[in-house]
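What follows is the residue order along each chain.
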Amino acid sequence: MKHEMRRKDRKLSDKATLEILEKGEYGVLASVDENNQPYGVPISYVLHDDYIYCHCAKSGHKLDNMKINDKVSFTVVGKTQPVFEEPENDFSTYFESVIIFGKYLVVEDDDEKIEALKVLCEKYLPDFMDKFDISLKNAYKATYVFKISIDEISGKAKKKN
């Protein structure tokens, strides 16, 4: 299902959208439970090989939801700046954001799981990659890795004219 952007004048190019996604510090993963109760949770992530990769414990609310319904959305907010715009006398916010609609996929292949964990560590702690192997050995069995397909993506921004 294609979702139309209301403010098409704020639509970002594919390149600008991917830049926000790549530079984002965290995203909000949204899912629904068996009663269609929505649930959004902030998570760390990395864009790799056209998927969003995430890691977590092997149980929890988000995993329960995604096993029931594999459809998810994922939102990343980039730079924001509250502003008072003159001469309009208007309170506003300059922002940039990305929204993805996709599907939850389990990462079962050991090589893919290790690669995902490695690129996550490279994104968040690049100065400690010499510790990756020992950390992987200690946490591998307790760590769950999943990915999100990017079935639909859009970027939007309001910036100073």
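Along each chain, the written sequence defines residue order, and numbers are assigned to residues from 1. In view of the model being predicted, local features appear only for residues whose pLDDT reaches at least 70, and side-chain atom pairs are presented and counted only at 80 or more, with totals across whole chains, interfaces and linings using the full set of residues. The side-chain numbers reported here are obtained from all heavy atoms of the structure, hydrogens and water having been left aside.

### Observations regarding the pairing of strand 6 (residues 90-106)
In this scheme, strands are said to pair when DSSP sees at least two bridges between them. The helix and strand labels rest on DSSP assignments: H or I over at least four residues marks a helix, E over at least two residues marks a strand, and numbering proceeds from the N terminus. Bridge count between strand 5 (residues 71-85) and strand 6: 13 bridges; the pairing is antiparallel. Paired with V76 across the strands is V98, a residue of strand 6. Once strand 5 ends, the chain turns through 4 residues before running back antiparallel as strand 6, passing N89 with a positive phi of about 55 degrees.

### Re the side chain of E96
Tracing the chain through its elements places E96 in strand 6. Under the rule applied, a polar contact is a pair of N or O atoms within 3.5 Å (in protein, one hydrogen donor and one hydrogen acceptor; residues adjacent in sequence only if both atoms are side-chain atoms). Within the local environment of E96, its side chain forms a polar contact with the backbone nitrogen of K79, the two atoms lying 3.1 Å apart. Setting aside its immediate chain neighbours within four residues, E96 contacts I20, V76, V77, G78, K79, K156, A157 and K159. Residue contacts are counted whenever heavy atoms from the two residues lie within 4.5 Å of one another.

### A few points about the nonpolar core
Formed by 22 residues in total, the largest nonpolar core has its most connected members in L29, I52, F74, F146 and I148. Setting aside anything within four residues of it in sequence, one finds F146 in contact with L29, I43, I52, Y53, C54, C56, K62, L63, M66, Y104, L105 and V107. Residues enter a nonpolar core if they are buried and are Ala, Val, Leu, Ile, Met, Phe, Trp, Tyr or Cys, with the set joined through side-chain atoms within 4.5 Å. Using a 1.4 Å probe on the protein chains alone, a residue whose accessible area is under 20% of its type maximum counts as buried, one over 50% counts as exposed, and one in between counts as partly exposed. Residues Y53, A116, V119 and Y140 belong to the second largest nonpolar core, which totals 11 residues.

### Section: the pattern of salt bridges
Put simply, a salt bridge is a Lys or Arg side-chain nitrogen that is within 4 Å of an Asp or Glu carboxyl oxygen. A full pass over the atoms with the stated rule returns 4 salt bridges. Two residues, E85 and K158, come together in a salt bridge whose shortest N-O distance is 3.6 Å. A residue pair is termed long-range when its members are at least 10 positions apart, and E85 in strand 5 and K158 in strand 8 (residues 152-158) qualify at 73 residues. Overall, K158 belongs to the buried group, its relative accessible area being 14%. Residue D130 is joined to K131 by a salt bridge in which the shortest nitrogen-to-oxygen separation is 3.9 Å. Using a relative accessible area of 62% as the deciding quantity, one classes D130 as exposed.

### What to know about the packing of aromatic side chains
Two rings from Phe, Tyr or Trp (for Trp, the six-membered ring) form a pair when their centres sit within 6.5 Å of each other. Planes less than 30 degrees apart are called stacked, planes more than 60 degrees apart edge-to-face, and all others tilted. Scanning the model with the defined rule gives 5 aromatic pairs in all. Their ring planes at 65 degrees and their centres at 5.1 Å tell us that F84 and F91 sit as a pair that is edge-to-face. A relative accessible area of 40% places F84 in the partly exposed class. F91 sits in the exposed class, given a relative accessible area of 69%. Ring pairing ties together the aromatic residues Y104, Y144 and F146, which thus form one cluster.

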